Structures are given as structure tokens and as C-alpha cells.
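# Coordinate inspection notes
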Amino acid sequence: MNPLIPPQANMIVQIALLVLLLVSLGLKRRHKYLLHGATMLIAVLLSVFSLLLIMLPSLFSLEIIKTQPLHILSVITLTHVAVGVLADLLALLLVASWVLQPSVQKCARRKRLMRITLWLWLTALFVGVLFYAYAYTNLIP
Ligand code: HEM
């Protein structure tokens, strides 16, 4: 694990991210698309920072992945990282194309990609919670 940042702190960041995603979707439902885009931009930055500063360093220090790659904890971790990286890349693509071409109409054309990105993001968050429950609590025996 990353010795500087305790796993509880990462968990709080991930919960904040989930709240931000839900708020952003609420704004979209109320047709506040600019605010939807802006909150997604903040969520992407938060997610990329947590990936680079917390999760990737933590991944490289997890010995079990090298010694037992088929262990349930290794499988959960690698799934979490793979889906999370893919979701972050797609989310970066969505917000970067908006920043480069700030048009809500053009954004709206990418709603299929937004839906896919959202599901990948939620899956990565869910698997992350599973990892936390397995590694740091007694909830999963
Ligand atoms: C990571 C980034 C983003 C995610 C995960 C996301 C997610 C979503 C989702 C799930 C929908 C509903 C799609 C549907 O109704 O089928 C949506 C709709 C929409 N989003 Fe995003 N979004 C993101 C970024 C943005 C950005 C940067 C903008 C630019 C302003 C934007 C503008 C819109 C608009 C205009 C709609 C409504 C489309 C329509 O109903 O025609 N989104 N978004």
C-alpha cells in the first residue's frame, strides 16, 4: 500500500467522486448541461489524481499480484485498475473535447460514449469498494 496515504483517505475520495457523479447526473436531468459538464470535469480531475497519486503507487507495492496473480484479491485489484483506467481515459476524452470545443450541442452527440463511460466508472468504483471491504474489513470472510 502507499505508505503516505491511508486506504481510508482513498475511500473518502472515491465516495466524494460517487457523490459528484450523482450530482452531475442530477444537473443533466434538470437540463443544466454546462454545470453537468463542469462537475464532470472536476470529477475527472479528482479521479485521475487519485489514480496517479494513490492507486498506481499502491498497485506497484502490492506483493500478492506478483506472487499469486490468480488470488481473489489480485483479480479484484487488476479488474479495478483496468476498468478504472479505461473509464478515466474515456472521461478525459469527453471533457477534453468539450474544453477544446466548448459547445453543448457537440457534447450532446457523444451521449452514447457518456453512458458507456458512466457505467465503466460506476463499475470501477464498485469493484474498488469490494477491494476495500476484502482487504481492510471483516465484511467478506
Ligand atoms: C466524464 C464525462 C461525462 C460523463 C460520464 C457524462 C455522462 C452523461 C450521461 C450518462 C448522460 C445521459 C445520456 C443519455 O441520456 O442517454 C449525459 C448526457 C449529456 N451530457 Fe454528459 N457526461 C460527461 C461529460 C459531459 C460534458 C463534458 C458535456 C459538455 C457540456 C456533457 C453534456 C451532456 C449533454 C448535453 C447531455 C444530454 C444529451 C441529450 O440528452 O441529448 N457531458 N452525460
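Quick summary incoming for the structure in this document.

Cut-offs applied
Every chain begins its residue count from 1, and numbering advances along the sequence as written. The model is predicted, so local features are restricted to residues of pLDDT at least 70 and side-chain atom pairs to those at 80 or more, both for listing and for counting; the totals for chains, interfaces and linings are taken over all residues. Nearness here has a simple definition: the residue's C-beta atom, placed using the backbone, must lie within 6 Å of the molecule or strand. Helix numbers and strand numbers start at the N terminus; a helix is a DSSP run of H or I with at least 4 residues, a strand a run of E with at least 2. Residues are grouped as follows: nonpolar covers Ala, Val, Leu, Ile, Met, Phe, Trp, Tyr, Cys and Pro; charged covers Asp, Glu, Lys and Arg; every other residue, Gly included, is treated as polar. Lines fitted to the C-alpha atoms define the axes, with helices restricted to the stretch that makes contact. Angles between their N-to-C directions range from 0 to 180 degrees. Rotating anticlockwise by less than a right angle from the far helix to the near helix defines a left-handed crossing, while the corresponding clockwise rotation defines a right-handed one. Contact between two residues is assigned whenever their backbone-derived C-beta positions fall within 7 Å. Exposure classes come from backbone-placed C-beta atoms, where a residue is buried if 20 or more other C-beta atoms lie within 10 Å of its own, exposed if 12 or fewer do, and partly exposed in between. Connectivity within a nonpolar core runs through C-beta atoms within 7 Å, and the core itself is a set of buried Ala, Val, Leu, Ile, Met, Phe, Trp, Tyr and Cys residues. Every helix has an expected span of 1.5 Å times one less than the residues it contains. The seven residues ending at a residue and the seven starting there each receive a fitted axis; the angle between those axes is the bend at that residue.

## With respect to the site of the ligand
Taken together, 18 residues are adjacent to the ligand, and Gly-37, Ala-91, Trp-98, Cys-107 and Met-114 come closest. Those elements that provide at least two residues to the shell around the ligand are helix H2 (33-60), helix H4 (72-100), helix H5 (104-108) and helix H6 (111-136). Of the residues that constitute the shell around the ligand, the class distribution is 12 nonpolar, three polar and three charged.

## What about the packing of H2 against H4?
Closest axis-to-axis distance for the H2/H4 pair is 9 Å, and the angle between their directions is 145°. The element H2 and its partner H4 pack so that their crossing is left-handed. Counted together, Gly-37, Met-40, Leu-41, Val-44, Ser-47, Val-48, Leu-51, Met-55 and Leu-59 of H2 and Thr-77, Val-81, Gly-84, Val-85, Asp-88, Ala-91, Leu-92, Val-95 and Trp-98 of H4 form the full contact between these two elements. Across the contact of H2 with H4, the residue classes tally to 13 nonpolar, four polar and one charged.

## Focus: unusual backbone geometry
Not every positive phi belongs to a glycine, and His-31 is a case in point at roughly 65°. Relative to the assigned elements, His-31 resides in the loop between helix H1 (7-29) and H2. According to the C-beta neighbour criterion, His-31 is exposed, with 9 such atoms within 10 Å.

## Some thoughts on the nonpolar core
Counting 12 residues, the largest nonpolar core is built from Leu-17, Met-40, Ala-43, Val-44, Val-83, Ala-87, Ala-91, Leu-120, Trp-121, Ala-124, Leu-125 and Val-127. Mapped onto this core, the elements with two or more residues apiece are H2, H4 and H6. The leading source of residues in this core is H6, at five residues. Residues contacting Ala-87, with those up to four places away along its chain left out, are Thr-117, Leu-120, Trp-121 and Ala-124.

## Section: H2
The periodicity of an α-helix, 3.6 residues per turn, causes residues three or four positions apart to be oriented the same way. Taking 1.5 Å per residue, 28 residues should reach 40 Å; H2 reaches 38 Å between its end C-alpha atoms and fits that length. Its maximal kink placed at Leu-51, H2 deviates by approximately 40°. Taken together, the buried positions of H2 are His-36, Thr-39, Met-40, Ala-43, Val-44, Ser-47, Ser-50, Ile-54 and Met-55.

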